[in-house]
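Next come the chains, spelled out residue by residue.
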Amino acid sequence: MATPNIKRKRLIDKSLPPKIESYIPESRLFMQLQALERKLDTKIVRKRLEVQEALGKPVFKKRVLRIFVSNLAANQDSSSSVMSNTEADAPSWTLRVEGRLVDPPGVQQKTRAPAHKFSEFLNAMTVEMDRSTELYGENTVQWRRGVGVAEVDGFEIKRRGDEDVRTRIMLDLRTATDRFNVNPPLLRELLDIRGPITKATFIMKLWQYIKLNGLQDSDDPDQIRCDAGLLQVFNMPVISFTAIPQMLQTCLVRPDPLIIEYTVRVHAGEYHMAQYAFDVEVELEDYSPVTAGPLATIQARNRDLASIDDQLATQMQEIHNARGKRDFLRNFAEDPVAFIHRWIDNQTKDLEVILGDRRHALEAAIGAIMAGEESGTSGDAEAAKWLKDSALYNEAWASEAVIHYLG
């Protein structure tokens, strides 16, 4: 049976009573040390959370993704017909779009990271074919990332045809952090932005521009007084910091897809490849423990310290329990009779508190008889009631309970 995780009170949490300062003036130093220790604990916890947050954020490294486009041609002789009834005899072609990561310089085979699939770096891919829709039907093929879809090293599109086909391949690249293009060209020039950036980077550059040009209102720091450039972008003389997140919706747009123009060739051979390969910079999460440095061991050390604290609390609790048992047995050994009487009195008082009775049953019976004699009335009925209740201690289980408690 699993025991609940009970928060134990450690000795460091104990404090002296406030009145003790009047009797022992030196205790004020102890209280000051406690206050200093609480401040130190607060700073340690805050720094620990900051370190844990930094460790929890993934570290990304940039790699080069090389994309290859090629095609295969089959049954392209003069005797084959596009309208052939069998798929095997009809002239056809297969478009291939493949990609792989380029190993950085100096990486050997033994230290090479696990291979990544090409589809891991794509959100979607669309291929548009420039040919007759009446003869060949739909000329657009689209792939989108879905849940539970297996990753692949490349894509193949097979179609019938005995003529060269111009294709337009649009790749929506997938990045580890969401990146956007800054829509107003003037804003890009003001903030010196080149290429897609993240929202955090955009806000940081905007804040740097505001501080550099002194646009923050001295009376109300939340208000930004736009200069001539920002006035043309936002069309407002004054903007608030709280309104900047709403402006991101209009200033930041998704980056354009990567477009590759390729012509499928079906003559002069069965295999054709694009003249160039296309290199794209992508981001990968870095799992190397070297990049983490000494921070990588902080979490493990924190777990070890927490385990040691729990062991100390458990040992201290066992010491307190052992001391209580020792005091119990020592008092019983010094004077067993007096100890039994004190123990019965304590148990009786506890029972009276539980049952709501404030007086011992025998004392209550005697008091009822004396009250009846003083008033001239008979208190036998009430006394009998109290005596009946006090007979509970004459049962056989009472002595057995004492033996079990002392054992």
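Everything numeric here is computed off the predicted structure, so don't read it as measured data.

Engineer: Please set out the overall build of the protein chain residue by residue, giving values where relevant.
Structural biologist: Helix and strand counts for the protein chain stand at 13 helices and 13 strands. Counted over contacts in the protein chain with a minimum sequence separation of 6, partners at least 24 positions apart contribute 66%.

Engineer: Can you break down the nonpolar core residue by residue, with the values?
Structural biologist: With 28 residues, the main nonpolar core has Ile 67, Leu 95, Met 125 and Ile 169 as its most contacted residues. Breaking this core down by element, the ones donating at least two residues are β1 (60–74), β2 (92–102), β3 (122–130), β5 (154–160), β6 (165–173), β11 (258–264) and β13 (278–285). Apart from the residues lying within four places of it in its own chain, the contact partners of Leu 95 are Val 69, Ser 70, Asn 71, Val 127, Phe 155, Glu 156, Ile 157, Thr 167, Ile 169, Tyr 262 and Val 264.

Engineer: Account for the environment of Val 69, with residues named and values stated.
Structural biologist: Turning to its location among the elements, Val 69 is positioned in strand β1. Counting along the chain gives 26 residues from Val 69 to Leu 95, while the straight-line C-alpha distance between them is 7.6 Å. Setting aside anything within four residues of it in sequence, one finds Val 69 in contact with Leu 95, Arg 96, Ile 169, Ile 260, Tyr 262, Met 273 and Ala 274.

Engineer: Describe the sheet that holds β11, and please don't skip the residues or the numbers.
Structural biologist: With antiparallel pairing, 4 strands are arranged side by side in an open sheet as β4-β3-β6-β11. With one partner strand each, in any of the chains shown, β4 (140–144) and β11 form the two edges of the open sheet. Across this sheet, the average inter-strand angle for adjacent strands is 15°, counted without regard to direction. Across 8 bridges, β3 lies against β6 in antiparallel orientation. Bridged to Glu 128 within β6 is Arg 168.

Engineer: Describe a nonpolar patch on the surface, and please don't skip the residues or the numbers.
Structural biologist: A cluster of nonpolar residues, Leu 305, Ile 308 and Leu 312, forms a patch on the protein surface that exposes about 290 Å² of accessible area. With respect to the element layout, Ile 308 can be found in helix α9 (residues 298–334).

Engineer: Lay out the pattern of salt bridges with the relevant residues and their values.
Structural biologist: According to the stated counting rule, one finds 12 salt bridges in the structure shown. Here Asp 192 and Arg 194 are joined by a salt bridge, their closest N and O atoms 3.5 Å apart. Within this structure, Glu 128, Arg 168 and Glu 261 form a network of salt bridges that share partners.

Engineer: Can you lay out helix α7 (residues 244–251) for me, pointing to particular residues and giving the numbers?
Structural biologist: All of the buried residues in α7 are Ile 244, Met 247, Leu 248 and Cys 251. The buried residues of α7 occupy one face: seen down the axis, they fall within an arc of 120°. When the buried face of α7 is taken as reference, the exposed residues oriented beyond 90 degrees from it are Gln 246, Gln 249 and Thr 250. Among the structural elements, β7 (181–182), α4 (185–191), α5 (199–213), α6 (228–234), β9 (238–240) and β10 (252–253) are those in contact with the buried residues of α7.

Engineer: Quick one: what's the story with the pairing of β3, residue by residue and with numbers?
Structural biologist: As defined by bridge partners, β3 adjoins β4 across 5 bridges and the pair is classed as antiparallel. Note that in β4 the partner of Ala 124 across the bridge is Arg 144.

Engineer: Give a description of the side chain of Asn 71 that names residues and reports values.
Structural biologist: Topologically, Asn 71 is positioned in strand β1. Side-chain polar atoms of Asn 71 contact the side chain of Tyr 262, separated by 2.5 Å.

Engineer: Lay out the packing of aromatic side chains with the relevant residues and their values.
Structural biologist: Taken as a whole, this structure holds 4 aromatic pairs when the rule is applied. With a centroid separation of 6.1 Å and an interplanar angle of 65°, the aromatic rings of Phe 118 and Phe 155 are classed as edge-to-face. Of this pair, Phe 118 sits in the loop between β2 and β3 while Phe 155 is found in strand β5, placing the two residues 37 residues apart along the sequence. The burial state of Phe 118 is the same as that of Phe 155; both residues are buried. Between Phe 328 and Phe 339 the ring centres are 4.8 Å apart and the planes differ by 80°, which places this aromatic pair in the edge-to-face class. Note that Phe 328 is positioned in helix α9 and Phe 339 in helix α10 (residues 336–355), a separation of 11 residues in sequence. An aromatic cluster is built from Phe 118, Trp 143 and Phe 155, whose rings are joined through pairwise contacts.

Engineer: I'd like to hear about the side chain of Ser 92, residue by residue, with values.
Structural biologist: Along the chain, Ser 92 falls in strand β2. Overall, the relative accessible area of 4% leaves Ser 92 in the buried class. If sequence neighbours within four positions are ignored, Ser 92 has contacts with Leu 72, Ala 73, Ala 74, Gln 76, Lys 158, Arg 159, Arg 160 and Gly 161.

Engineer: Which residues make up unusual backbone geometry, and what are the values?
Structural biologist: Phi is positive for Asp 192, which is not a glycine, with a value near 55°. Among the structural elements, Asp 192 can be located in the loop between α4 and α5. In this model, Asn 235 sits at a positive phi of 60°, which is unusual for a non-glycine residue. Mapped onto the secondary structure, Asn 235 falls in the loop between α6 and β9.

Engineer: Let's hear about the packing of α5 against α7: which residues, and what values?
Structural biologist: In the contact formed by α5 and α7, the axes pass within 12 Å of each other and the chain directions differ by 115°. One way to sum up the angle between α5 and α7 is to call them roughly perpendicular. Helix-helix and strand crossings are classified by hand; for α5 and α7 the assignment is right-handed. Contacts from Lys 199, Phe 202, Ile 203 and Leu 206 in α5 reach Ile 244, Leu 248 and Cys 251 in α7. Residue classes in the contact of α5 with α7 are distributed as 6 nonpolar, no polar and 1 charged.

Engineer: Requested: an account of α5, with residues and values cited.
Structural biologist: Its 15 residues give α5 an end-to-end C-alpha distance of 21 Å, which sits within 8% of 21 Å, the value for a rise of 1.5 Å per residue. Within the span of α5, buried status applies to Phe 202, Leu 206, Tyr 209 and Ile 210. Viewed end-on, α5 has its buried residues packed into an arc of 100°, placing them on one side of the element. For α5, exposure combined with an orientation more than 90 degrees from the buried face picks out Ala 200 and Leu 212. Remark: Gly 214 follows α5 within two positions and exhibits a positive phi of approximately 65°.

Analysis parameters
Residues numbered from 1 in each chain as written. Predicted model: local features only at pLDDT ≥ 70, side-chain atom pairs only at ≥ 80, totals over all residues. Heavy atoms only, no water. Helix = DSSP H or I, 4+ residues; strand = E, 2+ residues; numbered from the N terminus. Contact = heavy atoms within 4.5 Å. Core = buried A, V, L, I, M, F, W, Y, C linked by side-chain atoms within 4.5 Å. Buried < 20%, exposed > 50% of the residue type's maximum accessible area, 1.4 Å probe, protein only. Pairing = 2+ DSSP bridges. Axes fitted to C-alpha atoms, helices over the stretch in contact; angles between N-to-C directions. Patch = residues over 30% accessible without salt bridge, like charges linked within 9 Å, V, L, I, M, F, W, Y side chains within 5 Å. Areas by Shrake-Rupley, 256 points an atom, 1.4 Å probe, with all protein chains shown as cover. Salt bridge = Lys/Arg side-chain N within 4 Å of Asp/Glu carboxyl O. Arc of directions from axis to C-beta. Polar contact = N/O pair within 3.5 Å; in protein donor to acceptor, adjacent residues only side chain to side chain. Phe/Tyr/Trp six-rings, centres within 6.5 Å; stacked < 30°, edge-to-face > 60°. Parallel < 35°, antiparallel > 145°, perpendicular 65-115°, else oblique. Left-handed = near helix turned anticlockwise from the far one by under 90°. Nonpolar A, V, L, I, M, F, W, Y, C, P; charged D, E, K, R; others polar. Expected span 1.5 Å × (residues − 1).

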